[in-house]
Amino acid sequence: LAAERILGKAYHLAYTVGQEDLWVGVRKDFGVFRDCADSVLCTKLEGDGVYGECNASPRVAAIVVQVHDGREFVLVNAHTTAGMTEANQACRAKQIEQIFLDAGDGEPLARGAVNLVLGDMNSDPFLFAGADSSASTWNEYVGPGKAFQYISTDSPNGPATHATSMRLDHVVSD
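Residues numbered from 1 in each chain as written. Predicted model: local features only at pLDDT ≥ 70, side-chain atom pairs only at ≥ 80, totals over all residues. Heavy atoms only, no water.

Moving on, we come to the overall build of the chain. Tallying secondary structure elements over the chain gives three helices and nine strands in all. A globule of 174 residues ought to have a C-alpha radius of gyration of about 16 Å, and the chain, at 16 Å, matches this closely. The C-alpha extent of the chain, read off along each of the three principal axes, is 45 × 35 × 35 Å. A buried classification covers 46% of the 174 residues belonging to the chain. Residue pairs at least 24 apart in sequence account for 55% of intrachain contacts in the chain once pairs closer than 6 positions are excluded. For the chain, the accessible area works out to roughly 8,600 Å², and carbon and sulfur atoms hold 54% of it. Put simply, the chain has 13 plus and 23 minus side-chain charges, and the middle of one group is 6 Å from the middle of the other. (Helix = DSSP H or I, 4+ residues; strand = E, 2+ residues; numbered from the N terminus. Rg over C-alpha atoms; globule rule 2.2 N^0.38 Å. Buried < 20%, exposed > 50% of the residue type's maximum accessible area, 1.4 Å probe, protein only. Contact = heavy atoms within 4.5 Å. Areas by Shrake-Rupley, 256 points an atom, 1.4 Å probe, with all protein chains shown as cover. Lys, Arg positive; Asp, Glu negative; His and termini not counted. Charge placed at Lys NZ, Arg CZ, Asp CG, Glu CD.)

Here it is, written out as structure tokens:
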């Protein structure tokens, strides 16, 4: 597995069902993925995708991390739809709403007492605020005075995460 070659055997690995290129890892000395603690590779990173109109399988998914001291948190991994067409933005906005509002079952993917949301959002919420509907959707849930705060930079002048000087990759938590 490429993820195992990169992270090494010290990590418990999981990938998004239907998106075998979307991996997350947790250091085994920190914790494990709760629903597959005994397996080497966890395939329980699941999401209710915006199918058909946007993608053939989930672009956002969640899994519970069980920390060895007994605490738990929900880890949400995202790689939302790319592109700047209105259709791309609408799909991305729906995927962001799955994270924070409703994953298709009446609950958000970020449904734990503690949540860590990370990934490639394919939009810069600082640069594109007001111009990209998905950036505006993201900004409804993340930032000062909102339920979720940045762990990655919250500065419009922060370091770029993409070769185009945009900030597409984010880590946030409540």
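The next subject is helix α3 (residues 133-141). Among the residues of α3, Ser134, Ala135, Thr137, Trp138 and Tyr141 are the ones counted as buried. Seen end-on, α3 carries its buried residues on one side only, within an arc spanning 160 degrees. Looking at the buried side of α3, the elements it contacts are α2 (86-100), β8 (149-150) and β9 (169-173). Trailing α3 by a residue or two, glycine 143 shows a phi angle of about 130 degrees, which is positive. (Arc of directions from axis to C-beta.)

On average, residues of the chain carry a pLDDT of 90, and 97% of them reach 70 or more. Taken element by element, the predicted model of the chain shows its lowest mean pLDDT in strand β4 (residues 41-45) (79) and its highest in strand β7 (residues 115-120) (97). (pLDDT = per-residue confidence, 0-100.)

Time to look at the layout of surface pockets. Reported here for the largest pocket is a volume of approximately 250 Å³. What lines the largest pocket is a set of 13 residues, among which Lys44, Glu46, Ala62, Ile63 and Leu109 lie closest to the centre. A per-element tally of the lining of the largest pocket places strand β5 (residues 60-67) first, with three residues. The residue inventory of the lining of the largest pocket, partitioned by class, reads five nonpolar, one polar and seven charged. (1 Å grid on protein atoms, 1.4 Å probe; cavity = no way out; pocket = protein on both sides within 12 Å on 5 of 7 lines; lining within 4 Å. Points joined across faces, edges and corners; volume = space filled by probe spheres on them. Nonpolar A, V, L, I, M, F, W, Y, C, P; charged D, E, K, R; others polar.)

A separate point is the packing of aromatic side chains. Counted by the stated rule, this structure contains six aromatic pairs. Each ring, one from phenylalanine 30 and one from phenylalanine 73, has its centre 6.5 Å from the other, and the planes form 50 degrees; the classification is tilted. Taken together, the residues span a long stretch of sequence, with phenylalanine 30 in the loop between β2 (19-27) and β3 (31-33) and phenylalanine 73 in strand β6 (residues 72-79) at a distance of 43 residues. Plain terms: the ring middles of phenylalanine 100 and tyrosine 141 are 5.1 Å apart, the flat faces sit at 15 degrees to each other, and that makes the pair stacked. Placement of the pair is phenylalanine 100 in helix α2 and tyrosine 141 in helix α3, with a sequence separation of 41 residues. The buried category is assigned to tyrosine 141, whose relative accessible area is 17%. One aromatic cluster in this structure is built from Phe100, Trp138, Tyr141 and Phe148. (Phe/Tyr/Trp six-rings, centres within 6.5 Å; stacked < 30°, edge-to-face > 60°.)

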